[in-house]
Amino acid sequence: MAARRHSSESLIVILFSLSLFIVINAQETTQTLGNPDILVDAKAEVPETPPEQEKQWEPTEVTETTRVEDAPVAAESAPPAGTTDSTAGAQRTHGKEDFQEELVIRPLHSGDIYASFQFRTLWETDFMKGNKVSHYRLFPKSLGQVISKFSVRELHISFTQGYWRTMQWGQPFLPAPPGAELWVWFQDTVTDVDGTWKELTNVLSGIFCASLNFIDSTNTVQPSASFKPLGIGNVTDHRFLRYATLPREIVCTENLTPWKKLLPCGSKAGLAVLMKSEKLFHSSFHSEAVHIRPVCGDPQCKSTSWELRQTLDVVFDLHTSGQGKREWSLFKMFSRTLTDACPLASSSKIYIDVTDNPEGEHFDLTPATPLLSQATVLGDRRTFSVYDLTQASTFGTMRTFNLQIKWKSTKGDMLRPLLHAERYVAGYGLQTGEIHTLMYNQHPYRSFPVLLLDSVPWYLRLYVHTLTVTSKGKDNKPSYIHYQPSKDRVRPHLLEMLVQLPPNSVTEVTVQFERALLKWTEYTPDPNHGFYVGSSVVSSLVPSIVAMDTNNTRDQPLFSSFFPTKEESSYFIRVYTEPLLVNLPTPDFSMPYNVICLTCTVVAVGYGSLYNLLTRNFQIEEPSPGLAKRIANVIRKMRGVPPL
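Residues numbered from 1 in each chain as written. Predicted model: local features only at pLDDT ≥ 70, side-chain atom pairs only at ≥ 80, totals over all residues. Heavy atoms only, no water.

Examining the overall build of the protein chain
Here is step 1 of the chain: Regarding its fold elements, the protein chain presents 12 helices and 26 strands.
Here is step 2 of the chain: Considering the protein chain as a whole, with its 644 residues, one finds that 44% of them fall into the buried category.
Here is step 3 of the chain: For the protein chain, long-range pairs separated by at least 24 residues make up 76% of all intrachain contacts whose partners lie at least 6 apart in sequence.
Here is step 4 of the chain: In the form shown here, the protein chain has an accessible surface area of approximately 35,100 Å², with 55% of it arising from carbon and sulfur atoms. (Helix = DSSP H or I, 4+ residues; strand = E, 2+ residues; numbered from the N terminus. Buried < 20%, exposed > 50% of the residue type's maximum accessible area, 1.4 Å probe, protein only. Contact = heavy atoms within 4.5 Å. Areas by Shrake-Rupley, 256 points an atom, 1.4 Å probe, with all protein chains shown as cover.)

Dropping the structure here:
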């Protein structure tokens, strides 16, 4: 017991000494840290970290709205003197951002109604200098990464269901062909344009949930004059331009959903609330598009901003809507009403075209608005009633906005479009045919030139020597022709020509072709339906009725400021024709089925019978005895006598 007590006392003494030593060392450390001279000496003794082991400085992006009291913090976060230019460039990538949204409603004389949504996102940054952009606020990150990775200068993509009837509805704000259309300008730093184009189409196919991955060299062309850059930096080297269409692309909800997700507010607030898929696709015409281009960031164009413009055009038919009456409202068109504007939008407005309704003779607007605006659209001065959704008074006490249009009279003449085009296939049989393109100049006394672009698949072999251009029964010789012949299974035909259209005339372009016979693996699952040929593209500077505004930096409505204007006497317009549906020589794909059935029958009947004869064992079977004989045998068996 004494030994055990002695060991316990020794352990207690050791623990007490250890705790006292720890307390003394802690006090000495505190005194050392409190002495600045000792801190300087300790810092001097620490070896300097090699530059390659230092952590790279990551800049903090500071906007122009930084407060004065935060300036020291921003100064402390500034890059050191040895910072590289790429890192400093990454700090400057975050600039001003602005988002605007508009809805334009144009009542048509046919009783239909045309609604055009316009969304524009401006970002004062520069993707073209190789700067790494890591912070996104309003501009969608998915598209920003596409621009940076693939060195895109301009990107224009559209998905359209239906055909725009120009003679009934007039000219749209932004035209688009049926199906999918994609044309891209790349920067001059791209070395392999075709490879970059292929990768870009695959990425866009995933972003928009479309079949853009079917774009390849067989449906891609390089226009030389028809598609010029719409942004700043008018590069004319067409080697960096690619254009392709998919006329059979079907537009559905799966394409609209990712399109709406690109908006800053999505479909939760603002005008995008009205985009209900059930109503949008139950219409005569539906088109959604995305346009990206660099624009001037200030009136002097000293800085560059990137513009993302999302447009959605829809035409609601009077009869398919099930109303039967010429009365429209936001709820009847979209099954929804507006409750607020997008909180991130600096401007949110609704424009109603009342040019043909100066005194309210044809229709009434409810609720009425005193705000009127005039804008030069497509060479004509139009008047619009404006509803500003950023004002609380627009929604009233019920905090809801439901615009109504009630028609009084159906009289009135529609302003005929000055330029119109259409196309069809002529001929009979499945060997040869003709493509006819008609271009109408409706101006009574002015002639103007147009650029016609035709992209024809390789399996329609054009006879260029049969190309004829006639106007008013006379030959009309084009002043410029660019033709690139096709290569089988490699590239399509490309035909571009500059033609002068006489006033009040119809110019017809005709070319003959021969149908090729495809391999059986190249036919579509429904070959008897036919093969689609993309729309022709007609571009022109059309004479304007009023003087156009050439100041492109002035604040204008979004629907009137897409195409840059350089002359007061004319405006740019682009017209698309109908896509063609051509039948090709098609083999009878039911013959393999018939051959299989006949072969199986022959094998089963012929070979089966022969195999049965060769493998079966034959035995002689005696006839069975009669009833009397069997009874006699039973009796004989009972007696022990052998059977008969």
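Now, onward.
Focus on a nonpolar patch on the surface
Here is step 1 of the chain: On the surface, Val603, Tyr607 and Tyr611 cluster together into a nonpolar patch covering about 350 Å² of accessible area.
Here is step 2 of the chain: Note on placement: tyrosine 611 falls in helix H11 (residues 591–615).
Here is step 3 of the chain: When its relative accessible area of 49% is taken as the criterion, tyrosine 611 is described as partly exposed. (Patch = residues over 30% accessible without salt bridge, like charges linked within 9 Å, V, L, I, M, F, W, Y side chains within 5 Å. Salt bridge = Lys/Arg side-chain N within 4 Å of Asp/Glu carboxyl O.)

Some points on the packing of helix H5 (residues 141–150) against helix H7 (residues 193–207)
Here is step 1 of the chain: Contact pair H5 / H7: the axes reach a minimum separation of 11 Å and the direction vectors enclose 175 degrees. As summarised for this structure, H5 and H7 are arranged roughly antiparallel, according to the angle between their axes. In contact with Ser142, Val146 and Phe150 of H5, H7 contributes Thr196, Glu199, Leu200, Val203 and Ile207.
Here is step 2 of the chain: For the contact of H5 with H7, the residue count by class is 5 nonpolar, 2 polar and 1 charged. (Axes fitted to C-alpha atoms, helices over the stretch in contact; angles between N-to-C directions. Parallel < 35°, antiparallel > 145°, perpendicular 65-115°, else oblique. Nonpolar A, V, L, I, M, F, W, Y, C, P; charged D, E, K, R; others polar.)

Notes on the pairing of strand S15 (residues 419–426)
In regular strands, side chains alternate between the two faces of the sheet.
Here is step 1 of the chain: Bridge analysis of S15 against strand S16 (residues 432–441) gives 8 bridges, and the strand direction is antiparallel. Among the inter-strand pairings, valine 425 is bridged to a residue of S16, identified as isoleucine 435. (Pairing = 2+ DSSP bridges.)

Topic: helix H12 (residues 627–639)
Here is step 1 of the chain: The first and last C-alpha atoms of H12 sit 19 Å apart over 13 residues, in line with the 18 Å expected at 1.5 Å per residue.
Here is step 2 of the chain: A positive phi of about 85 degrees marks glycine 640, the residue just after H12. (Expected span 1.5 Å × (residues − 1).)

Topic: the sheet that holds strand S22 (residues 505–515)
Consider a sheet: its strands pair through backbone hydrogen bonds, and that pairing is either parallel or antiparallel.
Here is step 1 of the chain: A sheet is described by the order of its strands in space; here 5 strands give the open sequence S15-S16-S22-S18-S19, paired in antiparallel fashion. In this open sheet, the two strands that pair with only one neighbour each are S15 and strand S19 (474–475).
Here is step 2 of the chain: As defined by bridge partners, strand S18 (residues 460–471) adjoins S19 across 2 bridges and the pair is classed as antiparallel. Residue serine 471 lies in a different strand from S19, and its bridge partner there is lysine 474.

Let's talk about the sheet that holds strand S25 (residues 570–576)
Here is step 1 of the chain: Taken in spatial order, the 5 strands line up as S20-S21-S17-S24-S25 in an open sheet, and their pairing is antiparallel. Whereas interior strands pair on both sides, the edge strands pair on one side only; in this sheet they are strand S20 (480–484) and S25. Across the sheet, the mean angle from the axis of one strand to that of its neighbour is 15 degrees, orientation sign disregarded.
Here is step 2 of the chain: Strand direction decides the pairing type here: S20 and strand S21 (residues 493–501), joined by 5 bridges, are antiparallel. For histidine 482, the partnering residue across the bridge sits in S21 and is glutamate 496.

Some thoughts on the state of the cysteines
Here is step 1 of the chain: Inspection of the entire model under this criterion finds 2 disulfides.
Here is step 2 of the chain: Sulfur-sulfur distance for the disulfide between cysteine 265 and cysteine 342 comes to 1.8 Å. Handedness here is read from the sign of the S-S torsion; for cysteine 265 and cysteine 342, about 70 degrees, the answer is right-handed. Taken together, the positions of cysteine 265 in the loop between helix H8 (253–261) and helix H9 (277–280) and cysteine 342 in the loop between helix H10 (330–334) and strand S10 (347–353) put the pair 77 residues apart, joining distant regions of the chain. (Disulfide = S-S within 2.5 Å.)

So, the nonpolar core
Here is step 1 of the chain: Membership of the largest hydrophobic core comes to 91 residues, with the highest contact counts inside it found for Leu330 and Ile350.
Here is step 2 of the chain: In terms of residue count, the dominant contributor to this core is strand S4 (residues 179–186) (6 residues).
Here is step 3 of the chain: Setting aside residues up to four positions removed in sequence, leucine 330 forms contacts with Leu103, Ile105, Leu274, Ser335, Arg336, Leu338, Phe401, Asn402 and Leu403. (Core = buried A, V, L, I, M, F, W, Y, C linked by side-chain atoms within 4.5 Å.)

Structural notes on the packing of aromatic side chains
Aromatic rings considered in pairs are described by the distance between their centres and by the relative angle of their planes.
Here is step 1 of the chain: Considering all chains together, one arrives at 26 aromatic pairs under this definition.
Here is step 2 of the chain: Judged by centre distance (5.3 Å) and plane angle (55 degrees), the ring pair of tyrosine 387 and phenylalanine 401 falls under tilted. Separated by 14 residues along the polypeptide, tyrosine 387 in strand S13 (residues 380–388) and phenylalanine 401 in the loop between S13 and strand S14 (404–407) bring together distant segments of the chain. Of the two residues, tyrosine 387 and phenylalanine 401, neither departs from the other in class, the shared state being buried.
Here is step 3 of the chain: Joined through ring pairs, the aromatic side chains of Phe99, Phe117, Phe119, Trp259, Phe316, Trp328 and Phe334 make up one cluster.
Here is step 4 of the chain: Taking NZ or CZ as reference, arginine 106 lies 5.1 Å from the ring centre of phenylalanine 173, over its face.
Here is step 5 of the chain: Its end group placed over the ring of phenylalanine 150, lysine 149 keeps NZ or CZ at 5.7 Å from the ring centre. (Phe/Tyr/Trp six-rings, centres within 6.5 Å; stacked < 30°, edge-to-face > 60°. Lys NZ or Arg CZ within 6 Å of the ring centre and 35° of its normal.)

Let's talk about the environment of glycine 360
Here is step 1 of the chain: Inspection of the secondary structure assignment puts glycine 360 in the loop between S10 and strand S11 (363–366).
Here is step 2 of the chain: Exposure remark for glycine 360: the relative accessible area of 17% places this residue in the buried category.

Things to note about the pattern of salt bridges
Here is step 1 of the chain: Here the structure, examined in full by the defined rule, presents 14 salt bridges.
Here is step 2 of the chain: One salt bridge in this structure joins lysine 332 and glutamate 327, with 3.9 Å as the shortest N-O distance.
Here is step 3 of the chain: Residue lysine 332 is classed as partly exposed on the basis of its relative accessible area, which comes to 37%.
Here is step 4 of the chain: Within the structure, one salt-bridge network assembled from shared partners comprises Arg120, Arg293, Glu307 and Arg309.

Re the side chain of serine 158
Here is step 1 of the chain: When you line up the elements, serine 158 lands in strand S3 (residues 152–161).
Here is step 2 of the chain: What makes serine 158 buried here is its relative accessible area of 4%.

Points about unusual backbone geometry
Here is step 1 of the chain: Of the consecutive residues threonine 366 and proline 367, the connecting peptide bond is found in the cis state with omega at 0 degrees.
Here is step 2 of the chain: Mapped onto the fold, proline 367 is located in the loop between S11 and strand S12 (372–377).
Here is step 3 of the chain: One non-glycine residue, serine 335, lies in the positive phi region at around 65 degrees.
Here is step 4 of the chain: The exposure class of serine 335 is partly exposed, given its relative accessible area of 24%.
Here is step 5 of the chain: Backbone geometry at leucine 378 places phi at a positive 55 degrees, although glycine is not the residue there.
Here is step 6 of the chain: Following the sequence through the fold, leucine 378 ends up in the loop between S12 and S13.
Here is step 7 of the chain: Of the residues examined, leucine 378 reaches a relative accessible area of 26% and is grouped as partly exposed.

Shape descriptors only; they carry no functional weight alone.
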